[in-house]
Amino acid sequence: MGSAKNSSAKDGSAKDGSGTARKARIEEMRRTEQSRERRNRVLTIAASVVVVVGLVVGTVVLVQSQSDDGGSTAADGKSKGHFVTGSDGVKTWKGTLGRTHVTKTVKYPTEPPVGGDHNQVWMNCNGDVYTKEVDNMNAVHSLEHGSVWVTYTSKASKADVDALAAKVKKTPYTLMSPDDEQKDPIMLTAWGHQRTVTSADDPNVGKFFEKFVQGEQTPEPGAACTGGLAK
């Protein structure tokens, strides 16, 4: 009988030990599973945040793109580059100048602009003198036709303005207008080229006209300078 009791005790002890170990393994598995679930939840939340941010950014980009396509402002008229000043004082644009006809307002990188996307209607440039500022987008189209654009600020003397106006009036493919946003009192502009002159008597006025009125820089030589916009 004693021997049987001892055997039963040993069996019970073994079962208890086995049960304890099993419980420990189950508990360890439970902790591992819980840890995996927490990690998965974190990854899921992170992935959701990325998706939401992506959707928001995509929506903003789409809205911005739609605004650019149908809005009122273009960044630079597809004009990328910079000026290089020659020994003769003429600044030449090195880079690209867009030539697309657009209806939205273009912000040009220079004032006055030397080219770029522009309005489909040109300013009349058959020796036309304007006493009020003209729209850059129309004037740029005139430059595309090979005109020279004379601009001046309120700092230019009346005598110089009158003398320049007289020269423009007798020169086809030229136009003249005030521009108080430009840097210097008197400036001359052709497609891709520009310079400052000191006065109407500056010999560089004649040189610029001779070289750039319907000059080699003209994208559309012979195109009309009448039948456009007049103020």
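Residues numbered from 1 in each chain as written. Predicted model: local features only at pLDDT ≥ 70, side-chain atom pairs only at ≥ 80, totals over all residues. Heavy atoms only, no water.

1. Some details on the nonpolar core
Core analysis: the biggest nonpolar cluster contains 19 residues, and Val150, Leu164, Met176, Leu188, Phe208 and Phe209 have the highest contact counts within it. Elements represented by at least two residues in this core include exactly β6 (148-152), α3 (158-169), β8 (186-190) and α4 (203-212). When neighbours within four sequence positions are excluded, Leu164 is seen to be in contact with Val150, Met176, Ile186, Ala200 and Val205. Cys125, Met137, Leu143 and Cys225 belong to the second-largest nonpolar core, a separate cluster that totals 16 residues. (Core = buried A, V, L, I, M, F, W, Y, C linked by side-chain atoms within 4.5 Å. Buried < 20%, exposed > 50% of the residue type's maximum accessible area, 1.4 Å probe, protein only. Helix = DSSP H or I, 4+ residues; strand = E, 2+ residues; numbered from the N terminus. Contact = heavy atoms within 4.5 Å.)

2. Structural notes on the pattern of salt bridges
Under the defined criterion, the tally for this structure stands at 3 salt bridges. The closest approach of N and O atoms between Arg99 and Glu144, which form a salt bridge, is 2.8 Å. Of this pair, Arg99 sits in the loop between β3 (91-96) and β4 (105-106) while Glu144 sits in helix α2 (residues 136-144), and the two are 45 residues apart along the sequence. The class of Arg99 is partly exposed, set by a relative accessible area of 40%. (Salt bridge = Lys/Arg side-chain N within 4 Å of Asp/Glu carboxyl O.)

3. Structural notes on unusual backbone geometry
Put simply, Glu111 and Pro112 share a cis peptide bond, and its omega is -5°. With respect to the element layout, Pro112 can be found in the loop between β4 and β5 (126-129). One non-glycine residue, Tyr173, lies in the positive phi region at around 60°. Looking at the element boundaries, Tyr173 is found in the loop between α3 and β7 (174-178). Using a relative accessible area of 19% as the deciding quantity, one classes Tyr173 as buried. With phi around 55°, Gln214 is a residue other than glycine that occupies positive phi space. Structurally, Gln214 is set in the segment after α4. What makes Gln214 partly exposed here is its relative accessible area of 30%.

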